[in-house]
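Structure at a glance
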Amino acid sequence: MPSKTHVQTTINGEQVDFLCEPRQSLLECLRDIVGLTGSKEGCNDGNCGACTVMFDGRIVTSCLVLGVEAEGKEITTIEGIASPAGLHPIQQAFLEDAALQCGICTPGFIVAAKALLDQEPDPSEQRIRGWLANNLCRCTGYDKIVRAVQHAATSMQETRA
Amino acid sequence: MTTTEYEPNIVLSTTEYDVVGTRPIRPDGADKVTGRALYGADVNPTGLIHGKILRSPHAHARIKSIDTSKAEAHPGVLAVVTAEDLPGTKLGGTVDYGEGKQDLAYLRGNVMAGDKVLYAGHAVAGVAAANPHVAEEALGLIEVEYELLPPVLKAPDSMGGGAPVLLEHLRTEELGERTDRAGNIATHFRHTLGDLEEGFKDADVVVEREFNTQTVHQGYIEPQNVTALWNNDGRLHIWTSSQGPFEVRGAVASALDIPVSQVKVTPMEIGGGFGGKFPLYHDPIAALLSKKSGHPVKIVMTRKEVFEGTGPTPGSNMKIKMGATSNGKITAAHAYLAFEAGAFPGSPVGAAAMCVFAPYDISNAVIDGYDVLVNKPKSAAYRAPGATQAAFAAETVVDELAGKLGIDPIEFRLMNAAKEGARRADGVVHPRIGLVETLVALRDHPHWKAPLEGPNRGRGVAVGYWVNGSGPSACTISVNADGTINLTEGSADIGGTRASVSMQAAEVLGIRAEDVRPTVTDTDNIGYTSGTGGSSVTFKTGRTAHDAAQNVKEQMIARAATIWEISPDTVELDKGVFHSRTDPELKMTFSELAEQLNDTGGPIMGRSAFSPTGVGAAYAGCIADVEVDPDTGKVDVLRFTIAQDAGKAIHPSYVEGQMQGGAVQGIGWGLNEEYFYNTAGELTNGSFLDYRMPTSLDLPMIDTVIVEVPNPGHPFGVRGVGEVNIVPPPPALANAIHAAVGVRMYQLPMNPAAVMEALRQQK
Amino acid sequence: MATVFIPALMQNLTGSRQTVEVEGSTVRQIVENLDKAYPGIKDRLVEGNRLKSNISVAVDGEVTPLGMLERVGESSEVHFLPAIGGGSCAGVPY
């Protein structure tokens, strides 16, 4: 029986401890050990983005990160995007603009979009499309997703103003 | 052969509604944008263990023996199953594929192979352990002895005399007649209309072409998943992301030979399906592992397993011949359609035959359809199954005819457009349809006349048809004291149908969409509801929701009458307010009445359960602008517009979303997607890296035009919208490529290599 | 009398007739009467009490979920078609 490693990390602003085998991915740890099932597995090889999380300030596909690598890191998952005050403007825009159909890719897109808008408040359509190119959606054809991100960018700028 | 005076009405349905046609936020929205919504892989009953499946590496082989002893002995393994554990199947023995038992034998045979493996990826055994990595290790300890057989991978090869035979007992079926012809042709049917030979004699121009398309996957982002608990009381509980919980219940019960009442299926949220999540795959394996281990067992497919082990849409070989007069009238059409069914019979060639010439009013036609076995996974439905392949072929030939005659491609289609009263090639007469309106919408759209400048750029147009479906459905409504309603239905919600169903009930009762609390429930708690497919839910479950709401309305009217001590005949409900026709003082809002229910007789519930008829078929058309790189063959989509007759768009945002999503799937199918098989029949591109679907960077915005020609068969005029939008994009792109660089594409996908080859041949 | 369109591959049973006028107020009666005139056709269409699983029937342009029970009117058109989807491959629930 492979021995387990004790990992201490910060997830969505809270300190979390868990035990995992070295071979378990961060995605598997989040879903099956920590109980945060919002990040999804679509391919397990970094090609669909459904498992996207923030990892020390950058977005990663958590299926390609090992659970043990989370030691000492700051991780934000979809579960950490909304606040007690309410939904994040990106989440709100996705709902108002009907930017989801089945919703399986939505957590990955929201985390990825937030990472973009946090560093670039006013991206062009092409910049948005390029940034999100590693998030696959099979239902929407991306049109409403791109528009929702544009819409969120506007409302986030208005809030700052 | 139109019999009515025709007046196209592109502007749309003129009835104004209060809720129908608006864009409320979907009721399940908050959960879906916060990661709270539970999809099939998220479920976690107490004692859960994990299953993994051993799959055949070979495309065609006899199973001589399976030795699972080492796997069973592996520390941590709690159960191992093979086809021996399925009733009626013997490992290595012959399977009874005789008449009547065929479908069940095919069903079980695809779940786990008994005597032969018929495709690379065919399931052979299942293992369960508490640790999924241990289960996966144990797969490597199962010893299977195979006797390799040659595979056959394409319909034309498989139909020939010397082809390796997949199912020895199969005999070709010809619409109800079991012939004595052995081989790989499962079915042959033919439609004839008029006199084809005479029709071609009347033609001044004839175009005849042969087309080939490849196997394509639906590409849903969520892999198949199932969690099964075969409990000590004999009841089997299944949690799964499926398009058809009731179909799963029935199929699992059949496969395991247990009564349907022993099986309960809880539909979890589903991450895409497009037809690929209807068939039965690993559910019986999870159930058997649960029975043997005494634990709930979860199986989630890897992406590679999804590509290899689930049902893609068939590749095809097609020949289309069409003739027209110099005035532009199509006089004859002939289609030969040979579709790859995969390892077991059941390709959508029948649907393809219904759709191939459906946009046109043609008096003389013959269609021959063949369902052909090949050593690939058993095919499954993919969004308007069969219609896309057929339209790619027919719309290319139509474009060539128009070109040869010097007639504008939209005008040519309008000249020949099917209208109410025209006959489809299979003989069925069209009811009120909206093809003309859809074509006019495209013709009058700014895209059609917008300048397109620059070398290697071109514009193409195409149309498509889908029959749409219905089926049994059920709905119950319960009135809450605060004037909201709880609505219970059984249609798995893939794209937002909870919203469109709720809105129809809200419209009837004069309440807001937000006042409806919809629940998609399990198979124990609602009347039989056929699956979410065929673009049927907004139609059939919308209808039962509408009728259940009418049922509530009648009872509420009777209750108001009781309270007012007048006859119910004089009470009406108008925009959410009950009032008396005879006494204007008597008024009560829906919530005011709801508040009083328990004190005035008790709660009120409404219900409806039946198979709604009156399905309206749908047409869609699209305009594509492309730029072709003459050095690489890459095709960029510069601009894309899709128009579709929705009958009545209940929630326009979700209708637009369906149109855009289907269009993009069609673009992927047209320009890039295919299964690459090597000569041994092994799939070589079973990952999202190499099975390359469109990303956000590959596409422009997708402009939509919702045309509304109401379907007289539905109270709000609904036509199913989910599917037809995937049909016209591949031929529109082919026609655009021709306009751009002068080459005709006769195969899908039109990837850079294919375009370069066509350009090379042109030189 | 309803008009029954005979599928091309069954026209060998009807002496090559493409359409046949048949009496009957349900599909079942139509099939019985059709078989009386052209023996063997019922065996092609029906198994036990119902239409074969790979055959559907459209009355007046619509494929009916009622199969043999569907009512047929005085001037109805009846078409027998290969069932699309069907079995565990259903993508179109009919």
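Residues numbered from 1 in each chain as written. Chains lettered and ligands numbered in written order. Predicted model: local features only at pLDDT ≥ 70, side-chain atom pairs only at ≥ 80, totals over all residues.

**Overview of the overall build of chain A**
Secondary structure assignment for chain A yields five helices and five strands. Along the chain direction, N to C, the helices and strands of chain A fall in the order β-β-α-β-β-β-α-α-α-α. The C-alpha atoms of chain A give a radius of gyration of 16 Å, which matches the 15 Å a tight globule of 161 residues would have. By residue count, 57% of the 161 residues in chain A fall in the buried class. Summarising the internal contacts of chain A: among those between residues at least 6 apart in sequence, 59% fall at separations of at least 24. (Helix = DSSP H or I, 4+ residues; strand = E, 2+ residues; numbered from the N terminus. Rg over C-alpha atoms; globule rule 2.2 N^0.38 Å. Buried ≥ 20, exposed ≤ 12 C-beta atoms within 10 Å, placed from the backbone. Contact = placed C-beta atoms within 7 Å.)

**Overview of the overall build of chain C**
When helices and strands are tallied, chain C shows two helices and seven strands. When the helices and strands of chain C are read in sequence order from the N terminus, they spell out β-β-α-α-β-β-β-β-β. Relative to its 94 residues, chain C shows a buried fraction of 46%. Expressed as a percentage of contacts within chain C between residues at least 6 apart in sequence, the contacts between residues at least 24 apart total 44%.

**Let's talk about the interface of chain C and chain B**
Between chain C and chain B, the contact holds 30 residues from the first and 42 residues from the second. Elements represented by at least two residues in the side of chain C that touches chain B include exactly α2 (41-45), β5 (55-59) and β7 (77-82) of chain C. With four residues, the top contributor of residues to the side of chain C that touches chain B is β7(C). Partitioning the side of chain C that touches chain B into residue classes produces 18 nonpolar, eight polar and four charged. (Nonpolar A, V, L, I, M, F, W, Y, C, P; charged D, E, K, R; others polar.)

**Here we look at the domain arrangement of chain A**
Residue and element names in this part refer to chain A. Here the domain parsing of chain A yields domain 1 (5-80) and domain 2 (89-160). Here the C-alpha centroids of domain 1 and domain 2 sit 22 Å apart. Taken together, the 12 residues of domain 1 in the interface contact 11 residues of domain 2. Here the element with the most residues in the side of domain 1 that touches domain 2 is strand β3 (residues 52-55); it accounts for three residues. Looking at the side of domain 1 that touches domain 2 residue by residue, the class counts come to seven nonpolar, four polar and one charged. (Domains from an automatic or database assignment.)

**Considerations on the interface of chain B and chain A**
Note: interface size is frequently given as the accessible area lost on complex formation between the parts. Taken together, the contacts link 43 residues of chain B with 43 residues of chain A. Contributing elements (two or more residues each) for the side of chain B that touches chain A: α1 (29-34) and α18 (652-671) of chain B. With eight residues, α18(B) is the single largest residue contributor to the side of chain B that touches chain A. Considered class by class, the residues forming the side of chain B that touches chain A number 19 nonpolar, 18 polar and six charged.

**Focus: the arrangement of the chains**
By contact count, the leading pair among the two pairs of chains in contact is chains A and B. These two, chain A and chain C, are apart from each other, with no contact and a minimum C-alpha gap of 17 Å.

**What to know about the sheet that holds strand β27 (residues 635-645) of chain B**
Residues and elements named next belong to chain B. Spatially, β18-β26-β27-β28 is the arrangement adopted by the four strands of the open sheet, whose pairing is mixed. With one partner strand each, in any of the chains shown, β18 (457-466) and β28 (702-707) form the two edges of the open sheet. Within this sheet the neighbouring strands show an average axis-to-axis angle of 15 degrees, counted without direction. In terms of strand pairing, β27 meets β28 through six bridges, oriented parallel. For Thr 641, the partnering residue across the bridge sits in β28 and is Asp 703. (Pairing = 2+ DSSP bridges. Axes fitted to C-alpha atoms, helices over the stretch in contact; angles between N-to-C directions.)

**Some remarks on the confidence of the model for chain C**
Looking at chain C as a whole, the pLDDT averages 87, with 89% of positions reaching at least 70. A low-confidence stretch, residues 86-94 of chain C (pLDDT under 50), is modelled with 50 contacts involving residues beyond four sequence positions or located in other chains. (pLDDT = per-residue confidence, 0-100.)

**Some remarks on helix α5 (residues 143-160) of chain A**
Helix length check: α5(A), at 18 residues, gives a terminal C-alpha distance of 26 Å against a target of 26 Å (1.5 Å per residue), a fit within 8%. All buried positions along α5(A) are accounted for by Asp143(A), Lys144(A), Ile145(A), Val146(A), Ala148(A), Val149(A), Ala152(A) and Ala153(A). On its buried face, α5(A) is in contact with α2 (89-96), α3 (106-119) and α4 (125-131) of chain A together with α18 and β28 of chain B. (Expected span 1.5 Å × (residues − 1).)

**Some words on the environment of Ala105(B)**
With respect to the element layout, Ala105(B) can be found in helix α3 (residues 102-111). Judged by the 20 C-beta atoms lying within 10 Å of it, Ala105(B) is buried.

**A few points about the sheet that holds strand β12 (residues 236-240) of chain B**
Neighbouring strands of a sheet are bound in pairs by backbone hydrogen bonds; such pairs are parallel or else antiparallel. Residues and elements named next belong to chain B. With respect to topology, seven strands assemble into an open sheet ordered β3-β5-β1-β14-β11-β12-β13, the strand pairing being mixed. Taken across any chain shown, the strands that pair with only one partner, and hence form the sheet edges, are β3 (77-82) and β13 (263-267). Neighbour-to-neighbour, the strand axes of the sheet open up by a mean angle of 20 degrees, direction not taken into account. Pairing of strand β1 (residues 49-55) with strand β14 (residues 297-300), which is carried by two bridges, proceeds in the parallel orientation. When the bridges of β14 are listed, Ile 49 appears paired with Val 297. With respect to the sheet, helix α4 (residues 132-139) is in contact with β1, β3 and β5 (123-129), its orientation differing from that of β1 by roughly 25 degrees. Set on the sheet, helix α7 (residues 245-256) makes contact with β12 and β13; between it and β13 the angle comes to about 150 degrees.

**Examining the environment of Tyr370(B)**
Residues and elements named next belong to chain B. Looking at the secondary structure, you find Tyr 370 in strand β17 (residues 365-373). The exposure class assigned to Tyr 370 is buried, which follows from the 24 C-beta atoms found within 10 Å. Each residue touching Tyr 370, except ones within four places of it in the same chain, is listed here: Met 159, Ile 185, His 188, Leu 337, Ala 338, Phe 339 and Val 349.

**Section: the packing of α3(B) against α7(B)**
Residues and elements named next belong to chain B. Taken N-terminus to C-terminus, the directions of α3 and α7 make an angle of 90 degrees; their axes are 10 Å apart at the nearest point. As far as their axial angle goes, α7 and α3 are roughly perpendicular. Here Leu 104, Leu 107, Arg 108 and Val 111 of α3 lie close against α7, whose contacting residues are Ala 251, Ser 254 and Ala 255. Per-class residue counts for the contact of α3 with α7 are five nonpolar, one polar and one charged. (Parallel < 35°, antiparallel > 145°, perpendicular 65-115°, else oblique.)

**Description of unusual backbone geometry**
All names here are of chain B. The residue after Leu 748, namely Pro 749, is reached through a cis peptide bond having omega -5 degrees. Note on placement: Pro 749 falls in the loop between α19 (729-741) and α20 (752-762). We note that Ser 535 has phi near 50 degrees; this positive angle belongs to a residue other than glycine. Relative to the assigned elements, Ser 535 resides in the loop between β21 (516-520) and α16 (537-564). A positive phi angle is found at Glu 565, which is not glycine, with a value near 55 degrees. Looking at the element boundaries, Glu 565 is found in the loop between α16 and β22 (571-574).

**Details of the nonpolar core**
All names here are of chain B. Formed by 328 residues in total, the largest nonpolar core has its most connected members in Leu 337, Cys 355, Ala 505, Leu 733 and Ile 737. No other element matches the 10 residues that helix α11 (residues 387-405) contributes to this core. Once residues lying within four places of it in the same chain are set aside, the contact partners of Ala 505 are Ile 477, Ile 485, Leu 487, Val 516, Ala 545, His 546, Ala 548 and Ala 549. (Core = buried A, V, L, I, M, F, W, Y, C linked by C-beta atoms within 7 Å.)

**What to know about α19(B)**
Residues and elements named next belong to chain B. Between its first and last C-alpha atoms α19 spans 18 Å; for 13 residues at 1.5 Å apiece the expected length is 18 Å, and the two agree. Here α19 lies mainly inside the structure; 13 of its 13 residues are buried. Residue Gly 742 follows α19 closely and has a positive phi angle near 80 degrees.

**With respect to the pairing of strand β23 (residues 577-580) of chain B**
Residues and elements named next belong to chain B. Bridge analysis of β22 against β23 gives four bridges, and the strand direction is antiparallel. Note on β23: the bridge partner recorded for Val 571 is Ser 580. Linking β22 back to β23 in an antiparallel pair, the connection comprises two residues, with Lys 575 at a positive phi of about 50 degrees. One ladder, built from three bridges, connects β23 with strand β24 (residues 587-589); its direction is antiparallel. Each residue of the ladder has a partner; that of Val 577, found in β24, is Thr 589.

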